[in-house]
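The lines below spell out each chain.
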Amino acid sequence: METTASAPPLASALASRHISTHIDRPAKEVYDYASDPSNLPEWAHGLGNPVEKAGEQWIAESSPLGRVVVAFAPENEFGVLDHDVTLPSGEIIYNPVRVITEGAGCEVVFTLRRQPGMSNEEFERDADAVSADLAALKRVAERA
């Protein structure tokens, strides 16, 4: 599968953290919900609210990062929710995410990649934000 972001240098790949949560819902249901960008404001608070479609792009106008564009991997049967976030500067942040079947439920795994020049404190803050987003996804998905 291709994404719009280029592969990071090896040193960047070594500074990754896998953050996950188990969700007591079938993987297909969680994937279908999470892969719809219009649902992002309900669980991915770091991207802002609202997220609206403009042509073929999904744009978060009120993101804490400024105006960002979100582009998901094409729909697939493997639970791949990878997405690129294009920042106002034009920088593209690649976010690998998987929804993996786990018994009657699933595990959602987000691979947080440390960005060049990011301090330890910034990386921990990002990890906390991803954990909070996954906890919100769990709450929303399990109440369905």
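Here we summarise the structure given alongside this text. Each chain has its residues counted from 1, running along the sequence as written. Predicted model: local features are reported for residues with pLDDT of at least 70 only, side-chain atom pairs are reported and counted for 80 or more only, and whole-chain, interface and lining totals are derived from all residues. In computing side-chain values, all of the structure's heavy atoms are included and hydrogens and water are not.

1. Focus on helix α2 (residues 27–34)
Regarding α2, the residues found buried are Ala27, Val30, Tyr31, Tyr33 and Ala34. Buried residues of α2, seen end-on, are gathered within an arc of 165 degrees and therefore sit on one face of the element. Against β1 (16–23), α3 (40–43), β4 (68–72), β7 (97–102), β8 (105–113) and α4 (120–143) lie the buried residues of α2. Under the scheme applied here, a residue whose accessible area is under 20% of the maximum for its type counts as buried, over 50% as exposed, and between as partly exposed, the area being computed with a 1.4 Å probe on protein chains only. Comment: elements are numbered from the N terminus, with helices defined as DSSP H or I runs of at least four residues and strands as E runs of at least two. Within this analysis, the arc is defined by the directions that extend from the helix axis to the C-beta atoms. Here, two residues are considered to be in contact whenever any of their heavy atoms come within 4.5 Å of each other.

2. Points about the pairing of β7
Whether two strands pair comes down to DSSP finding at least two bridges between them. Bridge count between β7 and β8: 6 bridges; the pairing is antiparallel. Across the sheet, the residue bridging to glutamate 102 is glycine 105, located in β8. Turn length for the β7-β8 hairpin, with the two strands adjacent in sequence and antiparallel, is 2 residues, and the turn residue glycine 103 shows positive phi of about 65 degrees.

3. Observations concerning the sheet that holds β7
A sheet is described by the order of its strands in space; here 3 strands give the open sequence β1-β8-β7, paired in antiparallel fashion. Each edge of the sheet is formed by a strand with only one pairing partner; in this case those strands are β1 and β7. Across the sheet, the axes of successive neighbouring strands diverge by a mean angle of 20 degrees, strand direction being ignored. Pairing of β1 with β8, which is carried by 8 bridges, proceeds in the antiparallel orientation. Its bridge partner lying in β8, threonine 21 is registered against valine 108. To get an axis, a line is fitted to the C-alpha atoms, and for a helix only the part in contact is used. The angle between two axes follows their N-to-C directions and goes from 0 to 180 degrees. Sheet contacts for α2: β1, β7 and β8; angle to β7, the most-contacted strand, approximately 160 degrees. In the packing of α4 onto the sheet, contacts are made with β1 and β8, and the angle to β1 comes to roughly 15 degrees.

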